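Breakdown of the fold
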Amino acid sequence: MRIIVGITGGIAAYKAPELVRLLVKAGHEVRCAATPHALEFVTRTTLETVSANPLYCDLFRGNATETEHISLKDWGEMLVIAPATANIIGKMASGIADEPLSTLLLAMPPQRVLMAPAMNSQMWAHPAVQRNLATLRTWGVRTIGPDDGDLACGSSGTGRMAQPEAIARQVASLLQQPHPLQGERWLVTAGPTYERIDSVRFIGNYSSGKMGFALAEALAEAGADVELVAGPSALRTAHPRIHRTDVESARQMYTAATEAFPACRGAILSAAVADYRPETCADHKLKKQGDQGLTLSLVQNPDILATLGTMKQAGQVLVGFALETDNELQNAESKLHRKNLDYIVMNSLRDTSAGFGVDTNKVTLLAADGQRTATPLLSKQEVARIIVETVTRHKE
Ligand code: PMT
């Protein structure tokens, strides 16, 4: 395939030649395009040497009849921007074309663009950057990362560019099978549930929704129409194939999930659902009663996953999660069989940087036929892609 690697002016630009090398090694023909700022971090000679092609970095090079951004757009089957700074993301979202790469981006169909953002974590969290990215995603732009870790500015947090190997793998999977789940509907549950105690308090948990939202995105990128049933979460979704239903309690999630499941090809339940809820919910704020303690009486919530296990028809695929702290594999295996699942994804709270809240996870995927796949610590996006690749194969 013919791939353009676009490089912008961030420190992670030093990793771009490695990405180019991996893509060339995988058999692709690669051309590089760089912003003027990118060339402060990586040289023309390096990029031309690893790609074995001339660099596109000057809007006015060549003869007057040549419009290089248009010919390059026609040449490239995919444009990978790595690193993608907040600046290029903002320019694309605003339709600004004031240097070679942003001009090329404006000519390129967004569905052919993959961006690997890299920036300081506060810049990454800025509403303007998140809004711009959400806009790009609605146009069909794919993204990978950023990862968590130490940043060039001396701080640490989310903002490191995804590793070149991960980007090359993503390119391969996007080019290989763009839409293996096209025409299929999938259900995903994500986030926590809140179980009300009174009008201001609830019982909840630390789930952020990151794992479930990453699964919804990965399924949508694989072509599926996704019914995302989300507990309270600050995360946003912009993919046009994701239909989101927001719920608060386990019983609301149960209703939404059991209604959606019959029309779905499969379901992945990653939500951290409260097993118990207060038996009663006061419609006012409970007042302190002198020095006395407060005893809450709890009743069991319905088990959504187990219910879907009883509803499952031939041809449907059901995937559960298991969040464990001890006897991890044994407990997960027991849930796999007890709840009539095809797969269970075990994550352990004993693994550092895995589970609740963080951007990474480390899982073991257990199949009903006894197969096991263990991942190293990866971004939740990558874990989601591995799970989706597995369920895609299950289909065949
Ligand atoms: O949201 P993040 O911050 O990214 O964190 C991700 C995660 C840690 C929440 C996720 O990776 C995860 O492990 N989700 C499942 C958490 C959980 O509740 O595990 P469990 O072992 O208690 O439940 C087993 C399975 O039954 C899960 O698929 C759960 O969704 C489901 N369940 C549980 C109880 C219930 N009443 N109904 C259910 O459907």
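Anything mentioned here points back to the structure above.
Here is a short report on the structure shown in this document. Predicted, not measured: the structure shown is a model, and the values here were computed from it.

A few words on the overall build of the protein. Secondary structure summary: the protein contains 13 helices and 21 strands in total. Over its C-alpha atoms the protein spans a radius of gyration of 23 Å, differing by no more than 12% from the 21 Å that the globule rule assigns to 396 residues. Expressed as lengths along the three principal axes of its C-alpha atoms, the size of the protein is roughly 80 × 55 × 35 Å. Taken across its 396 residues, the protein has 52% of its residues classed as buried. Look at the contacts in the protein between residues 6 or more apart in sequence, and 66% of them connect residues 24 or more apart. Here the protein displays about 18300 Å² of accessible surface, and carbon together with sulfur accounts for 50% of that area. Considering the protein, the positive charge centre built from 39 side chains and the negative charge centre built from 41 side chains are found 1 Å apart.

Further remarks concern a nonpolar patch on the surface. On the surface, Tyr276, Leu294, Leu296 and Leu298 cluster together into a nonpolar patch covering about 400 Å² of accessible area. For Tyr276, the position within the fold is in strand β14 (residues 276-278).

With that settled, the discussion passes to the packing of helix α1 (residues 16-25) against helix α8 (residues 164-176). Where α1 meets α8, the axes come as close as 9 Å, and the angle between the chain directions of the two elements is 40 degrees. Between α1 and α8, the angle falls in the class oblique. Judged by the twist between their axes, the crossing of α1 over α8 is right-handed. On α8, the residues that touch Glu18, Leu19, Leu22 and Leu23 of α1 are Pro164, Glu165, Ile167, Ala168 and Val171.

Moving on, we get to the environment of Leu308. On the secondary structure map, Leu308 appears in helix α11 (residues 304-311). Judged by relative accessible area, which is 0%, Leu308 ranks as buried. Ignoring any residue separated from it by four or fewer positions in sequence, one finds Leu308 in contact with Leu187, Ala257, Thr258, Phe261, Ala267, Leu269 and Leu318.

So, about the sheet that holds strand β12 (residues 242-246). Across the sheet, which stays open at both edges, the 8 strands sit in the order β12-β11-β8-β13-β16-β17-β19-β20 with mixed pairing between neighbours. The open sheet has two free edges, formed respectively by β12 and β20 (372-374), since each of these has just one partner strand. Averaged over all neighbouring strand pairs, the angle between strand axes comes to 15 degrees, with direction disregarded. In this sheet, strand β13 (residues 266-269) lies alongside strand β8 (residues 185-190) in parallel orientation, the contact comprising 4 bridges.

All right, on to the site of the ligand then. In the vicinity of the ligand, 27 residues are found, and the nearest of them are Ser207, Ser208, Ala271, Lys335 and Asn347. Note that an oxygen atom of the ligand is positioned 2.7 Å from one of the backbone N or O atoms of Gly209. Between an oxygen atom of the ligand and a side-chain N or O atom of Lys335, the distance comes to 2.5 Å. In the complex, the protein chains occlude 95% of the 780 Å² of accessible area that the ligand would expose alone. When contributions to the shell around the ligand are tallied by element, the ones reaching two or more residues are α9 (210-221), α11 and β16 (317-324). With 4 residues, β16 is the single largest residue contributor to the shell around the ligand.

Once that is clear, we can look at α1. Those residues of α1 that sit buried are Ala16, Pro17, Leu19, Val20, Leu22 and Leu23. Contact partners of the buried residues in α1: β1 (2-7), β2 (29-34), α2 (44-51), β3 (78-84) and α8. Looking one or two residues past α1, Gly27 carries a phi angle of roughly 100 degrees, positive in sign.

Another point: the pairing of strand β19 (residues 363-367). Most of β19 is tucked away: 5 of the 5 residues are buried. Side chains Val363, Leu365 and Ala367 project from β19 onto one buried face, and the interleaved Thr364 and Leu366 project onto a second face that is buried too. In this structure, strand β17 (residues 343-348) lies alongside β19, joined through 5 bridges in antiparallel fashion. Looking at the pairing, Ile344 lines up with Leu366 of β19. The pairing of β19 with β20 spans 3 bridges and is classified as antiparallel. The residue of β20 that forms the bridge with Thr364 is Ala374. Remark: 4 residues form the turn of the hairpin made by β19 and β20, two consecutive strands paired antiparallel; Gly370 in that turn has positive phi of roughly 100 degrees.

It is worth spelling out the sheet that holds β1 at this point. Taken in spatial order, the 5 strands of this open sheet run β2-β1-β3-β4-β5, and their pairing is parallel. The sheet is open, and its two borders are formed by β2 and β5 (142-143), each paired with just one other strand. One ladder, built from 4 bridges, connects β1 with β3; its direction is parallel. Across the sheet, the residue bridging to Val5 is Val80, located in β3. The sheet contacts of α8 involve β1, β3, β4 (113-117) and β5, and relative to β3 the element is tilted by about 155 degrees.

Each value, and the rule that gives it
Residues numbered from 1 in each chain as written. Predicted model: local features only at pLDDT ≥ 70, side-chain atom pairs only at ≥ 80, totals over all residues. Heavy atoms only, no water. Helix = DSSP H or I, 4+ residues; strand = E, 2+ residues; numbered from the N terminus. Rg over C-alpha atoms; globule rule 2.2 N^0.38 Å. Buried < 20%, exposed > 50% of the residue type's maximum accessible area, 1.4 Å probe, protein only. Contact = heavy atoms within 4.5 Å. Areas by Shrake-Rupley, 256 points an atom, 1.4 Å probe, with all protein chains shown as cover. Lys, Arg positive; Asp, Glu negative; His and termini not counted. Charge placed at Lys NZ, Arg CZ, Asp CG, Glu CD. Patch = residues over 30% accessible without salt bridge, like charges linked within 9 Å, V, L, I, M, F, W, Y side chains within 5 Å. Salt bridge = Lys/Arg side-chain N within 4 Å of Asp/Glu carboxyl O. Axes fitted to C-alpha atoms, helices over the stretch in contact; angles between N-to-C directions. Parallel < 35°, antiparallel > 145°, perpendicular 65-115°, else oblique. Left-handed = near helix turned anticlockwise from the far one by under 90°. Pairing = 2+ DSSP bridges. Near = heavy atom within 4 Å. Polar contact = N/O pair within 3.5 Å; in protein donor to acceptor, adjacent residues only side chain to side chain.

Nothing here speaks to function; it is all geometry.
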